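Here is what each chain is made of, one letter per residue.
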Amino acid sequence: MKATLQKEQPSTGNQNQRQEFVAPPVNIFETKDGYVLEAEMPGVNKQGLEITLEGNEVTIVGRRSNEPWSGEPLFRECQRADLRRVFELDPAIDTAKVASKIDQGILTLTLPKSERVKPRKITVND
Amino acid sequence: MNYLTRWQRPELSGWQGVGPLTDLRDEIDRLFESPLAELTRTSQLLSGWTPAVDLFEDKDNFILRAELPGMKKDDIELSFHDGSLSISGERKAEDKFQDAEVYRAERFFGRFQRTITVPAPVSADKIKAQFKDGILTVTLPKTEEAKPKHIEVKVAD
């Protein structure tokens, strides 16, 4: 089983007001020290970012800072919806040491592996 | 308007806020795609990516917004010529993860270029650009002639 998989989960963010989210494209790398996740979140700044670690899941939510538009749109391709994506965490990740930063619309999440995690053998009893 | 159509990666269409029906339609569309269309797609895939662009118009300006997450300010080139604004540049992949195992690679790197025809004359020397939170905003002020004018029309009874 691959460790950091995306869970098939619809956005359940807010029950009262139905909110639409789009999933940001991500790159995920694994190094010997841990995982690095990069998500494209244009228009999202530090204030609009919400990262929640719960159980074995990490949820990233990016709310775009929507500047008011006085004009009339001639064409629109950029997504207006906020961004959300949920990932299942490898149990090897030390959740206390997860760090994040956002720079020019790229969220970088660093998920280091726990020092204690080593392959273990389990003996089977008769 | 002769701007370039945004190319959408087929594997992304499923989760960009569209339902399963759209997925199915995409699948059918793909089945009937001609080999030539497939070729264009592939060549686009090799040549880079296409950022999403918005164009707004108000009384005095045209405002263009382009999503360029992960770009560096100095890697963005802007030029205005003959009523068209060109945005180009290159998004470079960081090589620090070259030896790492890749779990997901959904982001695009490489060169891009878009040309947007501005529908009315603008003062080229007053064009301003700003790059913040991965979004490039270009303000193109209209020339006096292009601004809407209020003309009183007197109707004789």
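Our structure is the block above this text.
Analysis parameters
Residues numbered from 1 in each chain as written. Chains lettered and ligands numbered in written order. Predicted model: local features only at pLDDT ≥ 70, side-chain atom pairs only at ≥ 80, totals over all residues. Helix = DSSP H or I, 4+ residues; strand = E, 2+ residues; numbered from the N terminus. Buried ≥ 20, exposed ≤ 12 C-beta atoms within 10 Å, placed from the backbone. Pairing = 2+ DSSP bridges. Contact = placed C-beta atoms within 7 Å. Nonpolar A, V, L, I, M, F, W, Y, C, P; charged D, E, K, R; others polar. Axes fitted to C-alpha atoms, helices over the stretch in contact; angles between N-to-C directions.

**Student:** Hey, could you run me through the overall build of chain B in this one?
**Tutor:** For chain B, the count of helices and strands is 2 helices and 8 strands. Helices and strands in chain B line up, N terminus first, as α-α-β-β-β-β-β-β-β-β. Among the 157 residues that make up chain B, the fraction classed as buried is 18%.

**Student:** Quick question: what am I supposed to make of the environment of glutamine 98 of chain B here?
**Tutor:** Following the sequence through the fold, glutamine 98 of chain B ends up in the loop between β4 (84-91) and β5 (101-105). When the C-alpha atoms of glutamine 98 of chain B and alanine 52 of chain B are compared, they prove to be 28 Å apart, with 46 residues separating the residues in sequence.

**Student:** I tried to follow the pairing of strand β7 (residues 128-132) of chain B on my own but got confused; where do I start?
**Tutor:** The side chains of a regular strand alternate, residue by residue, between the two faces of the sheet. Residues and elements named next belong to chain B. Judged from the 5 bridges that link them, β7 and strand β8 (residues 135-141) form a sheet pairing that is antiparallel. Note on β8: the bridge partner recorded for phenylalanine 131 is leucine 136. Between β7 and β8, which pair antiparallel and follow one another directly, the connecting turn spans 2 residues, one of which, aspartate 133, has a positive phi of 50°.

**Student:** Would you mind showing me how to read the interface of chain B and chain A here?
**Tutor:** Much of the literature gives interface size as the accessible area that the parts lose upon coming together. The interface of chain B with chain A comprises 31 residues on the first partner and 34 residues on the second. Grouping the constituent residues of the side of chain B that touches chain A by class yields 16 nonpolar, 4 polar and 11 charged. Sheet topology note: the strand β2 (residues 26-30) of chain A/β5 of chain B ladder contains 4 bridges and is antiparallel. The residue of β5 of chain B that forms the bridge with isoleucine 28 of chain A is arginine 104 of chain B.

**Student:** How do you make sense of the sheet that holds strand β3 (residues 34-40) of chain A when you look at a structure like this?
**Tutor:** Hydrogen bonds between backbone atoms are what pair the strands of a sheet, whose relative direction is either parallel or antiparallel. An order of β8(A)-β9(A)-β3(A)-β2(A)-β5(B) is seen for the 5 strands of this open sheet, with the pairing classed as antiparallel. The open sheet terminates on both sides in strands that have one partner only, identified here as β8 (99-103) of chain A together with β5 of chain B. Ignoring strand direction, the axes of neighbouring strands in this sheet form an average angle of 15°. Pairing analysis gives 7 bridges linking β3 of chain A to strand β9 (residues 106-112) of chain A, with the strands arranged antiparallel. Looking at β9 of chain A, one finds that glutamate 40 of chain A is bridged to isoleucine 106 of chain A.

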